[in-house]
Amino acid sequence: MSNQSERLFAEAQQHLVGGVNSAVRAFRSVGGTPVFMRRGSGAWIEDVDGKQYVDYVLSYGPLAIGHAHPKVVSAIAETAASGTSFGAPTELETELALRVKSLMPAIERIRMVNSGTEACMSAVRLARGYTGRDRILKFRGNYHGHVDALLVEAGSGVLTLGIPGSPGVPASVTETTLTAPFNDIEGVKALFAEYGDSIAAVLVEPVAGNMNCVPARPDFLAGLRALCDESGALLVFDEVMSGFRAALGGAQAHYGIHPDLTCLGKVIGGGLPVGALGGRAEVMEYLAPSGPVYQAGTLSGNPLAMASGLATLNELAKPDVHANAEAWTARLLAGMQERARAAGVPLLTHQVGTMFGVFFTDAERVERFEDVAECDAERFVRFFHGMLEAGVYLAPSAFEAGFVSTAHDDVALSHTLDAAERVFADL
Ligand code: KE4
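The model shown is predicted, which means the values in this text are computed figures rather than measured ones.

A.B. asks: Whenever I open this one, the site of the ligand confuses me. Can you help?
C.D. replies: Around the ligand sit 16 residues in total, of which Ser 22, Thr 117, Asn 210, Asp 238 and Glu 400 are the nearest. Interatomic distance of 2.7 Å between a side-chain N/O atom of Glu 400 and a nitrogen atom of the ligand. Burial of the ligand by the protein amounts to 86% of the accessible area it has alone, namely 540 Å². When its residues are assigned to classes, the shell around the ligand shows five nonpolar, seven polar and four charged. Built from parts of two domains, the shell around the ligand gets at least three residues from each of domain 1 (3-68 + 319-426) and domain 2 (70-316).

Shown next as structure tokens:
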């Protein structure tokens, strides 16, 4: 069969940098040609050659109720019929805010933006403006979008001052960014001992989804909460990925820890561009126009994105809907482990809600970036391509999490596990 993706990719590369509009899609770390997709339906996605795959990327998280859900499609179509954007307040923005607040009580005020990056960028500026402090503490392996101050590649050694991880980011921007190992509260205590009164915020992915899927240890998050309380720094949960997935109320519900600020994205837009920053009213009211910290956006809160996000969260919040998807995820991972064991393939899996990770390692535990880096990435590449060939679409990187939707059913489960059984046999 002709491979349309190869033809389309060759052309795309003449016009789009790397042939893509987001770096991870280029298959650089797994090799081969990115598969061009043309439609999705529920748990399935179809490429330009008509081949179907069970989809565990789900647009890197947003599609919590699957592709082209009728409620989402009709909400967008009906809203669009009345116009796409007004640059003026609309009732839909308050409706989505109320839905989010009903699921995340730590959010008293919210500001809609257009991406997770924008939410995290705004969180950093707000924390610095509110506390009058400059330093931000983040964790190795955590990703918070392509924000200059947060694109920090951890240096050698245990704890580092920021070292620009990308050209174009001046040292002056990252010298106030501190980096510590994920899940290591002692390392954080050392940084607070030295810099505590100059730290504006601790920014953490409570479930790290950008170094595969690595949940924070409960004592680690509790330790961060205590250190922030003692020092006056703000605790910021980046729940762009874990929001409405780690639990219906996000990782903050899963762990029972309230951050001062929460960054959201992905699911909150149901596949349309939405990010959000929310948290304690006393802090959030420091944002313009109520306070002095400037923040704005032409399409922030636009009706289409609000309608898409609202339809998604309303569906997800129905009784047992999220719980059933969590249970399905557990069945998937149990089936994968059973088949890996039978094939003698060392496989460790993590699940938090409807997020999951698979690691080719015989290690007992994977808790920080360094542990992930020691896993067998070459075996992952063969696994990735074998599953792709078998009609299962995983993220093209050993450092990405997997996602399940409420549309993943028994047919998708048996298709996936049959594929895994065949691929493990060849690993
Ligand atoms: P966006 O700007 O891509 O909407 O969100 C940035 C972001 C912030 N915080 C967390 C925890 C995130 O996971 C992300 C984005 N995640 C990646 C997936 N690893 C998006 C996929 C991509 O870059 O194409």
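Structure shown, so let's carry the discussion forward.
A.B. asks: Whenever I open this one, the pattern of salt bridges confuses me. Can you help?
C.D. replies: Under the criterion given, the structure shown has 18 salt bridges. For Asp 219, the salt bridge goes to Arg 217, with nearest N and O atoms at 2.9 Å. For the salt bridge of Arg 280 with Glu 282, the shortest nitrogen-to-oxygen distance reads 2.7 Å.

A.B. asks: Sorry, what's going on with the environment of Phe 182 here?
C.D. replies: For Phe 182, the position within the fold is in the loop between strand S7 (177-180) and helix H6 (185-195). With 231 residues separating them in the primary sequence, Phe 182 and Leu 413 have C-alpha atoms 32 Å apart.

A.B. asks: Before we go on, may I ask you to explain the packing of helix H13 (residues 377-389) against helix H14 (residues 410-426) in this structure?
C.D. replies: When two helices pack together, you describe them by how their axes are tilted relative to each other and by the distance separating the axes. Here H13 crosses H14 at 135 degrees, and the two axes come no closer than 9 Å. The angle between H13 and H14 falls in the class oblique. Seen from above, H13 lies across H14 with right-handed handedness. For the pair formed by H13 and H14, the contact residues are Arg 382, Phe 383, Gly 386 and Met 387 on the first element and Thr 416, Ala 419, Ala 420, Val 423, Phe 424 and Asp 426 on the second. Considered class by class, the residues forming the contact of H13 with H14 number six nonpolar, two polar and two charged.

A.B. asks: Would you take a moment to explain the nonpolar core for this structure?
C.D. replies: Within the largest apolar cluster, 43 residues are counted, with the highest numbers of intra-cluster contacts made by Phe 139, Val 188, Phe 220 and Leu 224. Not counting residues up to four positions away in its chain, the partners in contact with Phe 220 are Phe 139, Pro 181, Phe 182, Asn 183, Asp 184, Ile 185, Val 188 and Val 204. Formed by 40 residues, the second largest nonpolar core is a distinct cluster that contains Leu 333, Ala 390, Tyr 393 and Leu 417.

A.B. asks: How should the packing of helix H2 (residues 70-80) against helix H10 (residues 303-316) be read in this particular structure?
C.D. replies: The interhelical angle for the contact between H2 and H10, taken along N-to-C directions, is 155 degrees, at an axis separation of 8 Å. The pairing of H2 with H10 is recorded here as roughly antiparallel in orientation. In the crossing of H2 with H10, the sense of the turn from one axis to the other is right-handed. Residue-level contacts link Lys 71, Val 72, Ala 75, Ile 76, Thr 79 and Ala 80 of H2 to Pro 303, Leu 304, Ala 307, Ser 308, Ala 311, Thr 312 and Glu 315 of H10. Tallied by class, the residues present in the contact of H2 with H10 amount to eight nonpolar, three polar and two charged.

A.B. asks: Looking at this structure, how should I read the pairing of strand S13 (residues 275-279)?
C.D. replies: Look at any regular strand and the pattern is simple: side chains alternate between the two faces of the sheet. Most of S13 is tucked away: five of the five residues are buried. Across the two faces of S13 the burial is the same, with Gly 275, Leu 277 and Gly 279 and Ala 276 and Gly 278 all buried. Note: strand S4 (residues 109-113) against S13, five bridges, orientation antiparallel. The residue bridging Met 112 from the neighbouring strand is Ala 276, located in S13. Relative to S13, strand S12 (residues 261-264) is paired through four bridges, and the arrangement is antiparallel.

A.B. asks: Please explain the side chain of Glu 46 as it appears in this structure.
C.D. replies: Topologically, Glu 46 is positioned in strand S2 (residues 44-47). Look at Glu 46 and you get buried, because its relative accessible area is 8%. A polar contact of 2.8 Å, which involves the side chain of Glu 46, links it to the side chain of Arg 38. Discounting residues that sit within four places of it in the chain, Glu 46 has contacts with Met 37, Arg 38, Arg 39, Lys 51 and Gln 52.

A.B. asks: Can you help me understand the domain arrangement of the chain in this one?
C.D. replies: Much of the literature gives interface size as the accessible area that the parts lose upon coming together. Segmentation of the chain into domains returns domain 1 (3-68 + 319-426) and domain 2 (70-316). Joining domain 1 to domain 2, the criterion identifies three salt bridges. Here Arg 217 ties to Glu 367 by a salt bridge, and the two come within 3.6 Å at their closest N and O atoms. If you look at where domain 1 meets domain 2, you find 12 residue pairs in polar contact (both at pLDDT 80 or more). Elements with a contribution of two residues or more to the side of domain 1 that touches domain 2: helix H11 (321-343), strand S14 (348-352), strand S15 (355-359) and helix H12 (369-373). In terms of residue count, the dominant contributor to the side of domain 1 that touches domain 2 is S15 (five residues). For the side of domain 1 that touches domain 2, the class distribution of residues is 21 nonpolar, seven polar and five charged.

A.B. asks: So what exactly am I meant to see when it comes to the sheet that holds strand S16 (residues 392-393) here?
C.D. replies: What holds strands together in a sheet is hydrogen bonding between their backbones, with the strands either parallel or antiparallel. Taken together, the four strands give an open sheet; going across it, the order is S1-S2-S3-S16, and neighbouring strands pair in mixed fashion. Each edge of the open sheet is held by one strand with a lone partner, namely strand S1 (37-41) and S16. Sheet analysis places S2 next to strand S3 (residues 52-55), joined by three bridges and oriented antiparallel. Along S3, the bridge assignment pairs Ile 45 with Tyr 53.

A.B. asks: Would you mind showing me how to read the environment of Gly 196 here?
C.D. replies: Structurally, the position occupied by Gly 196 is in the loop between H6 and strand S8 (199-204). Placed 90 residues apart in sequence, Gly 196 and Ala 106 show a C-alpha to C-alpha distance of 24 Å. Residues contacting Gly 196, with those up to four places away along its chain left out, are Arg 133, Leu 191 and Ser 231.

Reading guide: rules and limits
- Each chain has its residues counted from 1, running along the sequence as written.
- Thresholds applied to this predicted model are a pLDDT of at least 70 for local features of residues and 80 or more for the giving and counting of side-chain atom pairs; totals over whole chains, interfaces and linings are not thresholded and use all residues.
- Just so you know, side-chain values use all the structure's heavy atoms and leave hydrogens and water out.
- Neighbouring residues are identified by heavy atoms, a residue being near a molecule or strand if any of them is within 4 Å of it.
- Here a polar contact is recorded for every N or O atom pair within 3.5 Å, except that within protein the pair must consist of a potential hydrogen donor and a potential acceptor, and residues adjacent in sequence are included only if both atoms are side-chain atoms.
- Note on areas: Shrake-Rupley with a 1.4 Å probe; residue coverage comes only from the protein chains shown.
- Under the scheme applied, nonpolar residues are Ala, Val, Leu, Ile, Met, Phe, Trp, Tyr, Cys and Pro; charged residues are Asp, Glu, Lys and Arg; polar residues are all the others, including Gly.
- Each domain's extent is set by a domain assignment, obtained either automatically or from a database.
- Salt bridges are defined as contacts in which a side-chain nitrogen from Lys or Arg sits within 4 Å of a carboxyl oxygen from Asp or Glu.
- Put simply, DSSP H or I for four residues or longer makes a helix, DSSP E for two residues or longer makes a strand, and each gets a number counted from the N terminus.
- Lines fitted to C-alpha atoms define the axes here, with helix axes fitted over just the stretch in contact, and angles between the N-to-C directions of these axes take values from 0 to 180 degrees.
- In what follows, roughly perpendicular refers to angles from 65 to 115 degrees, roughly parallel to angles under 35, roughly antiparallel to angles over 145, and oblique to any angle outside these ranges.
- Should the near helix be turned anticlockwise from the far one by less than a right angle, the crossing is left-handed, and should it be turned clockwise, the crossing is right-handed.
- Contact definition: two residues touch when any of their heavy atoms are within 4.5 Å.
- Nonpolar core, defined: a set of buried Ala, Val, Leu, Ile, Met, Phe, Trp, Tyr and Cys residues in which side-chain atoms within 4.5 Å join the residues together.
- Relative accessible area decides the class of each residue, using a 1.4 Å probe on protein chains only: under 20% of the type maximum gives buried, over 50% gives exposed, and in between gives partly exposed.
- One requirement defines pairing of two strands: DSSP has to find at least two bridges between them.

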